[in-house]
Amino acid sequence: DTSGVLLVARNTATLRTTHALLRDGDAFEKRYLTLLKGKWELGRKGIDIPLRTDIRVGGERTVRPDASGKPSVSEFRPVQFFGKRATLMEVNLLTGRTHQIRVHAQHAGHPVAGDEKYGDEEFNAQMKAFGLHRMFLHAQSVSFQWPNAGEFSVNTPLPPELAATIDRLAGEKR
């Protein structure tokens, strides 16, 4: 359900170099936009909580905070508030774990809008009334230094359906 930037390697050498850059957490900057439940009152906040992936019966993969998990760090920054209902956030991933933003947001008490696995059912129903029919998670930008070639950076705007949800929330009388 995540929209936005997607990198595709055209050959094996490029894929290997990209993987090496990803493993070096400082080399890659990945920024997402997400809509979270409630008014985020934590300001700019780093969440450093290890995450563990579990496989449930039926093969469904779930992730949960756990001291025995892999290191996982996300930086959350509020972008726009919609009263007490929701907050548009920018999230910078310092690691890249499965479901990292979704689980860190839930752990902070602010689940991602439209998230059926880790989200809040009542909040998701409210967001449907604002035209949200998918998870509000968008890979906004990716930047990194390519060896011997300089900086590579790409970004993409919110897709129309997510932008329309923001417009409806902004137009709501509080």
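Presented here is an overview of the structure given in this document. (Residues numbered from 1 in each chain as written. Predicted model: local features only at pLDDT ≥ 70, side-chain atom pairs only at ≥ 80, totals over all residues. Heavy atoms only, no water.)

**A word on the overall build of the protein chain**
Stated formally: A run of DSSP states H or I qualifies as a helix once it reaches four residues; a run of E qualifies as a strand once it reaches two. Both are numbered from the N-terminal end. As a reference, a globule follows 2.2 Å times the number of residues to the power 0.38, and the radius of gyration itself is taken over C-alpha atoms. For every residue, the accessible area obtained with a 1.4 Å probe (protein chains only) is divided by the maximum for its type, and the residue is called buried under 20%, exposed over 50%, and partly exposed between those limits. Pairs of residues are marked as contacts when any of their non-hydrogen atoms sit within 4.5 Å. Working definition of accessibility: Shrake-Rupley area with a 1.4 Å probe, residue cover restricted to the visible protein chains.
Within the protein chain one finds 4 helices and 9 strands. Counting from the amino terminus, helix and strand elements in the protein chain follow one another as β-α-β-β-β-β-β-β-α-α-β-β-α. Since a compact globule built from 174 residues should have a radius of gyration of about 16 Å, the 17 Å found for the protein chain is in line with a globular shape. For the protein chain, the spread of C-alpha atoms along the three principal axes comes to 50 × 35 × 30 Å. The proportion of buried residues among the 174 residues of the protein chain is 41%. Pairs at least 24 apart in sequence give 64% of the contacts found in the protein chain among residues at least 6 apart. Taken as a whole, the protein chain presents about 9,900 Å² of accessible surface, with 48% of it coming from carbon and sulfur.

**Digging into the packing of aromatic side chains**
The geometry of an aromatic ring pair comes down to the distance between the two centres and the angle between the two planes. Stated precisely, the cut-off is as follows: In this analysis, rings of Phe, Tyr and Trp, with Trp reduced to its six-membered ring, are considered paired at centre separations within 6.5 Å, and the interplanar angle assigns stacked below 30 degrees, edge-to-face beyond 60, and tilted for intermediate values.
Scanning the model with the defined rule gives 4 aromatic pairs in all. Aromatic pair Trp40 and Phe76: ring centres 5.2 Å apart, planes at 20 degrees, arrangement stacked. With Trp40 in the loop between strand 2 (28–37) and strand 3 (45–48) and Phe76 in strand 6 (residues 73–82), the pair connects residues that are 36 residues apart, well separated along the chain. No difference in accessibility class separates Trp40 from Phe76, as the two residues are buried. A ring pair is formed by Phe144 and Phe152, whose centres lie 5.0 Å apart and whose planes are at 35 degrees; its orientation type is tilted. By relative accessible area, Phe144 is classed as buried at 6%. Members of the aromatic cluster, each reached through a chain of ring pairs, are Phe28, Phe144, Trp146 and Phe152.

**Concerning unusual backbone geometry**
A positive phi is found at His99, a non-glycine position, where the angle reads about 60 degrees. Its location among the elements puts His99 in the loop between strand 7 (86–93) and helix 2 (100–107). Its identity as a non-glycine residue notwithstanding, Asn148 has a phi of 60 degrees, on the positive side.

**Here's the deal with the side chain of Arg134**
The cut-off we apply is this: Here a polar contact is recorded for every N or O atom pair within 3.5 Å, except that within protein the pair must consist of a potential hydrogen donor and a potential acceptor, and residues adjacent in sequence are included only if both atoms are side-chain atoms.
The residue Arg134 is located in the loop between helix 3 (121–128) and strand 8 (137–146) in this model. Separated by 2.8 Å, the side chain of Arg134 and the backbone oxygen of Asp1 make a polar contact. Here Leu137 takes part through its backbone oxygen, which lies 3.2 Å from a polar atom of the side chain of Arg134. Beyond its immediate stretch of four places on either side in the chain, Arg134 contacts Asp1, Thr2, Ser3, Ala113, Gly114, Pro159, Glu161 and Leu162.

**Quick notes on the pattern of salt bridges**
Two side chains with opposite charge may pair up if their charged atoms get near one another. Rule in force here: Should a side-chain nitrogen of Lys or Arg be within 4 Å of a carboxyl oxygen of Asp or Glu, the pair is scored as a salt bridge.
As enumerated under the stated definition, the model contains 10 salt bridges in all. For Arg64, the salt bridge goes to Asp54, with nearest N and O atoms at 2.6 Å. Remark: Asp54 occurs in strand 4 (residues 51–55) and Arg64 occurs in strand 5 (residues 61–65); sequence separation between them is 10 residues. Its salt-bridge partner being Arg77, residue Glu90 comes within 3.3 Å of it at the nearest N-O pair. In this pair, Glu90 is assigned in strand 7 and Arg77 in strand 6, connecting sequence segments 13 residues apart. Ionic contacts of the salt-bridge type, sharing partners, join the residues Glu29, Arg31, Arg77 and Glu90 into one network.

**A look at the layout of surface pockets**
Stated precisely, the cut-off is as follows: A 1.4 Å probe that fits but cannot get out identifies a cavity on a 1 Å grid over protein atoms alone, an open set with protein on both sides within 12 Å along at least five of seven lines counts as a pocket, and a residue lines either if it has an atom within 4 Å of a point. Grid points are joined across faces, edges and corners, and a volume is the space filled by probe spheres set on the points. Any residue that is not Ala, Val, Leu, Ile, Met, Phe, Trp, Tyr, Cys, Pro, Asp, Glu, Lys or Arg is counted as polar, Gly included; the first ten are nonpolar and the last four charged.
Volume-wise, the largest pocket comes out at about 850 Å³. As for the largest pocket, its lining consists of 32 residues, and the residues nearest its centre are Val5, Leu6, Leu7, Lys30 and Tyr32. Among the residues making up the lining of the largest pocket, the classes are represented as 18 nonpolar, 10 polar and 4 charged. Here the second largest pocket defines a volume of roughly 220 Å³. Along the wall of the second largest pocket there are 14 residues; nearest its centre are Gly114, Asp115, Glu116, Asn124 and Lys128. Considering every element that reaches the lining of the second largest pocket, the biggest residue donor is helix 3, with 4 residues. Considered class by class, the residues forming the lining of the second largest pocket number 3 nonpolar, 3 polar and 8 charged.

Remember, this is a structural readout, not a statement about activity or role.
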